[in-house]
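# Overview (structure and organization)
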Amino acid sequence: QVQLVESGGGLVQPGGSLRLSCAASGFTFSRYVMSWYRQAPGKERELVARITNIGGSTDYTDSVKGRFTISRDNAKRTVYLQMNNLKPEDTAVYYCNAVLRLEWDEYNYWGQGTQVTVSS
């Protein structure tokens with residue numbers, strides 16, 4: 001059974017930090033590209049950060065560059081999102097995503113989400 005379980009969300013003041021974790025099970029974690037998405041109320045879900053399966057190359061949406069860091073530990077089957085200097089506009093539900101694209105098929109899994117609220 002495939003599972004992605006996010007944790008680490010919560011309420012934080014502007015300028016504060018949070019570290020999100022996503023623990024994976026039920027699939028070969030090291031083969032998958034892992035990403036964090038977020039969805040704020042009334043807005044579409046957007047890609048925040050992505051890390052490849054091989055080499056660990058990363059990409060970030062412009063609004064979080066220099067503040068967020070995505071990383072993965074294949075031995076622990078976990079992906080992380082370190083979020084620093086948080087802003088009110090970072091408030092959203094954050095989702096973990098796992099994707100494996102093959103020539104003939106695609107596997108795409110989502111976690112249940114964790115709420116991040118940035119407010120004074």
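You'll find the structure just up there.
Model, not experiment: these values are computed from the prediction.

### Things to note about the pattern of salt bridges
Overall, the coordinates contain five salt bridges when judged by the stated rule. With its nearest N and O atoms 3.0 Å apart, the salt bridge here joins R38 to D90. Of this pair, R38 sits in strand β4 (residues 33-39) while D90 is found in the loop between β8 (78-83) and β9 (92-101), placing the two residues 52 residues apart along the sequence. Across this residue pair, the class does not change: R38 and D90 are buried. Between D90 and R67 there is a salt bridge; the shortest N-O distance is 2.8 Å. In this pair, D90 sits in the loop between β8 and β9 while R67 sits in the loop between β6 (58-60) and β7 (68-73), placing the two residues 23 residues apart along the sequence. Summarising the burial analysis for this pair, D90 and R67 share the class buried. Residues participating in the shared-partner salt-bridge network are R38, E46, R67 and D90.

### Regarding the environment of F27
Tracing the backbone shows F27 in the loop between β3 (18-25) and β4. Taking the relative accessible area as the measure of exposure, F27 reaches 9% and is therefore buried. Put simply, F27 and A98 are 71 residues apart on the chain and 9.7 Å apart in space, counted from C-alpha to C-alpha. The residues contacting F27, other than those within four sequence positions of it, are V2, Q3, L4, Y32, R77, A98 and Y109.

### What about the nonpolar core?
The biggest cluster of nonpolar side chains holds 29 residues, and the ones touching the most others in it are M34, W36, V79, L81, M83 and Y94. Sorting elements by how many residues they give to this core places β9 first, with five residues. Filtering out sequence-adjacent residues up to four positions away, L81 remains in contact with L18, R19, L20, W36, V48, A49, F68, T69, I70 and Y94.

How each quantity is defined
- Residues numbered from 1 in each chain as written.
- Predicted model: local features only at pLDDT ≥ 70, side-chain atom pairs only at ≥ 80, totals over all residues.
- Heavy atoms only, no water.
- Salt bridge = Lys/Arg side-chain N within 4 Å of Asp/Glu carboxyl O.
- Helix = DSSP H or I, 4+ residues; strand = E, 2+ residues; numbered from the N terminus.
- Buried < 20%, exposed > 50% of the residue type's maximum accessible area, 1.4 Å probe, protein only.
- Contact = heavy atoms within 4.5 Å.
- Core = buried A, V, L, I, M, F, W, Y, C linked by side-chain atoms within 4.5 Å.

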